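Observations on the model geometry
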Amino acid sequence: MWDDAFPSFLIGLREGLEAGLIVSILVATLVRAGAKSRLPQVWTGVLAAIALSLSFGAVLTFTAASLSATAQEAFGGTLSVIAVAFVTAMVFWMRRSARNLSGEIKEKVTGALAMGAGMLIVTSFLAVGREGLETALFLWTTARAAGESAGPMIGAGIGLVIAAGLCWGLYRRVLKINLTKFFTATGAVLIVIAAGVLGYGLRDLQEGGVLPGKAAFAFDLSQSIDPSAWYTTLVQGVFNLMPAMTWLQIIAYVAYLAIVMTLFVRGLRSAAKPAPAPRPAADKPVEEKAAEEKPAAEPVDEKAVAEQGGAAEVGSEKDGSAGDGAPESESEAEPAAQPEPAAAPAGAGRKRPAWLLPVAVVAVPAVVAGGIVAFGKSKPAGAPTIAVSEKECGKGFTAPKPGRQTFQMQNTGDKTSEVYLIDPSTNAVYGEIEGLAPGTTRDLVATIAGGSYAWRCVPTGGKAVTSAAVRVSGGGGAKAVVPVAEEDLAGPLRAYRQYVDQGLATLTDQTQKLSDDLAGGDLDGARTDWLTAHRTYSSLGAAYGTFEDFDKKINGRADGLPGGVHDKDFSGFHRIEYGLWHGASAEELTGPAQQLHGDVMGLRKAFPTQDFDPGDLPLRTHEILENTLQFELTGDTDQGSGTNLATADANLAGTRELLDVLRPLIAKREPQLLASIESDIARMQKLLDDAHHGGTWTPVEKLDATARQRLNGITGQLLEHLAPVPDLLEIRKSA
C-alpha cells in the first residue's frame, strides 16, 4: 500500500503546494489592500474548486464501473495518457511561472476587486480548480494502476496536509523554502512517474483493443522474480514498471523519458543563465534615468527573496507584506482599498443568507456529478430489466425488436450467476455475462435477428435454468456462438493426452541416451542428443503449469535463483545446456543428466493421474506460443547452445497438434478464423525453416534485424488470431 501511495503523495504535495501558494497570495493581497471583507469570496471560489474536483473523481470512478471490461481498459488507458499530458504541462508551467506567480496573481486580484464579488470568486475558483482537476485525474489513474484506492488516497491526503502546513508557514513568515529547487526536484521525479503511467495507459489501450501488439512482449520476468517481494512492489507501485511489458510500452517509456527529461533539464539551464548586464547610464533614455532617480517605496529583503528561490513569497497579516521577489512601485505596493457598497435602503429586499452561496457552489457540482453518474448507469430508453436467478430466470423478457438491443440483467437471487442469451433450439449463444453478483445490474448488448430467443441462468453451485422462449420476426443476420459442453472437449482431450503420453515415452528413451553419452564421456554426442530430447519436451506444450512442479525440475531456468547458473537448485535441460556449451566435463554433467532422466520418468508415471481441466485445452493453443514470444524469441532462455529457434520450432509443432485435435470444434464455429491461423502458422514455419541449416540453427541474436522483426511480427499476429479460441471454445452449461 505504501508503495502505491508514494506517487499520489508526491502529486498531492506538489499540486497542494501550488494551489496553496495561489490562495495564500490571494489572501495576502486582499489583506494588504484593506479588503478583508472580500475573503469569504475567495474561500467560496476555493470550495467550489474542491467540490468540482471531488465530483470529477466520482464521475470517473462510477461511470467507468458501468462499462464493460474491454471498454474500461480503453477508457482507463485514454485517461492515463491525458493525465500524463496534464502532469507534463503542469511540470513545465510551474518551472516557467514560479518566479512571476505572485505578481500575476496580484494583477488578477486587483482586476477582480474592480469588477465585483463575482469576479473574485471566479478568480479563486479558476486558480485552484486547475490543480484540483489535475489531482483528481492523476489520483484516479494511479489508483486504477495500483488496483486499489486506499494507498493512493492515503498518500494524496498526507501530501495535501503537508502542503497546507507549508503554505501556512510561508504565509505567516515562520518558514522559508527554496520553492524553485522544490518544484525542480519534484518535477524531475514526476516525469519519471509519468513515464510509467504512460506505459500502463498504453497497455490498457492494447488490452481494450484500441492499439495493437498486446502479445508482443519485450520481456517477461513474471516467472523469475517474486511478485510479493518488497523491491517488486516498490518498482511497480512507484514507477508502474511491470514484470511483463510489451514493445510499445518500452518504446513509449524510453522515448517520453528521454525527450521530456531533456527538455526539462535544458529549460533549467537556460533559466539559470545570468541576466544581461544593464546598459550604462549614458545610453539610457531620459525617462529611464528619471525613473531610477525616483526613490523606492520600500526596501526589499533580498536575502528573503534568495532563500525563497524567487518563487512566490507571501506575506502575513502581521507585517502586511506580499512580495514576489521583485521591487514594487508605490501604486503596486499599496493598492487602494475598494469602497464597501452602501447599505440597501430599508424594505428594498431581503438580505441573502451568508451561507447560501458557499452551499450552492459545493452542492451544484455534486448534483451535476450525481446526475452524470445516474445517467451513465441508467438504462437506455426502452431497455427492459430481466431477472437472473434460479426462480425468476428471464422474468420481464418479451419479444425484442430486431437490431442491436440492450438488456438490463438484474440478479434477483442470492448466488453469483452467469447468464446467456441463447437460441433454445440450437443452444447458440448471442450474448453473455459472467460473474453477475447478487443484487447487481449490468448491461448485456446483443444483435437480434429473426429467430427464437431465451435466457439461460447458471448460478454458482446451482442448476442451470432456461426461461420461456420468445419469437422474433424479420431482421438481418445475427452472429451466435455454438456453445461447447464439457463432453464436446472429452474426445480432443483424450487424443491430446495420448499424444503427450507417447511423447513422454520417447523423451524417456532420449534422456536415457543423453545420460549414457555423458557417462561414457561423449560430449559431442551429448550435445546432439540434448537438442533432440529438448525439442521433444518442448513439443509437448509445457506452458503455464501443464506438468505442475515437474516442469520446473525438467526445464527450469536460473533466473531468480540466488546463485544463478551455479545455484544448487538449477537443474534440468538448461543446467546441462550451460555445462555442455561452457566447458564443463562429462563427469560434472553426469549427475545432472541422471537427475533429469529420473524427473522425466517421474513425470511419465504421474501424468496419467494428473488432473487436466478440459477447459484448459483451448488455452494451450495461445499460451505455448505466448511463452515462445516472451522467452525463446528474445533469447532469454539460451544458455549457450544458440538453439532457441529450434525450441520455437518445437513449440509451434505442439501448438499445431493442439489445433489438430480442436479443429472440428473451431471449424464448426469460426472457419475463417481457422484459415487465418493456418496461414500464419505456415508463414512462421517458413521463417523458422530459413534459420535451420542441416544440423545447426541460427542463434536468435545473430538473426539480421529484418528477419528477427518478421519473425516477431508473424508470431504476434498468430497470437492475435489464436486469442479468440479460448472464448470460442469456452465450456457453457446447459439446462
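Because the structure is predicted, anything quoted here is derived from the model rather than measured.

Overview of the pattern of salt bridges
- Scanning the entire structure with this criterion turns up 12 salt bridges.
- Residue D636 is joined to R557 by a salt bridge in which the shortest nitrogen-to-oxygen separation is 2.7 Å. Separated by 79 residues along the polypeptide, D636 in the loop between helix 19 (617-632) and helix 20 (644-669) and R557 in the loop between helix 16 (550-555) and helix 17 (573-580) bring together distant segments of the chain.
- Between K686 and D690 there is a salt bridge whose closest N-O contact spans 3.1 Å. Here D690 and K686 lie together in helix 21 (residues 671-690), a separation of 4 residues that amounts to about one turn.
- Given a relative accessible area of 48%, K686 falls into the partly exposed group.
- For D690, a relative accessible area of 43% gives the class partly exposed.
- A single network of salt bridges, built from pairs that share partners, joins R557, D559 and D636.

Notes on helix 22 (residues 705-722)
- Compared with the 26 Å implied by 1.5 Å per residue over 18 residues, the 26 Å span of helix 22 between its first and last C-alpha is a close match.
- Listing the buried residues of helix 22 in full gives L711, I714, T715, G716, L718, L719 and L722.
- With a side-chain oxygen lying 3.1 Å from the backbone nitrogen of T706, the N-terminal cap of helix 22 falls on D704.

Describing the sheet that holds strand 3 (residues 385-388)
- Spatially, 3 strands are ordered 3-4-7 in an open sheet, and the strand pairing comes out mixed. The sheet is open, and its two edges are formed by strand 3 and strand 7 (441-448), each paired on a single side. Adjacent strand axes in the sheet meet at a mean angle of 35 degrees when their direction is disregarded.
- As judged from the 4 bridges shared by strand 3 and strand 4 (residues 403-411), these two strands associate in the parallel manner.

Side note on the confidence of the model for the protein
- Per-residue confidence for the protein gives a mean pLDDT of 77, with 73% of residues at or over 70.
- When the criterion is pLDDT under 50, residues 315-349 qualifies, and its contacts beyond four places in sequence or with other chains add up to 55 contacts.
- Within the model, pLDDT remains below 50 along residues 377-381, and this stretch shows 6 contacts once partners closer than five positions in the same chain are excluded.

Rules used throughout
- Residues numbered from 1 in each chain as written.
- Predicted model: local features only at pLDDT ≥ 70, side-chain atom pairs only at ≥ 80, totals over all residues.
- Heavy atoms only, no water.
- Salt bridge = Lys/Arg side-chain N within 4 Å of Asp/Glu carboxyl O.
- Helix = DSSP H or I, 4+ residues; strand = E, 2+ residues; numbered from the N terminus.
- Buried < 20%, exposed > 50% of the residue type's maximum accessible area, 1.4 Å probe, protein only.
- Expected span 1.5 Å × (residues − 1).
- Polar contact = N/O pair within 3.5 Å; in protein donor to acceptor, adjacent residues only side chain to side chain.
- Pairing = 2+ DSSP bridges.
- Axes fitted to C-alpha atoms, helices over the stretch in contact; angles between N-to-C directions.
- pLDDT = per-residue confidence, 0-100.
- Contact = heavy atoms within 4.5 Å.

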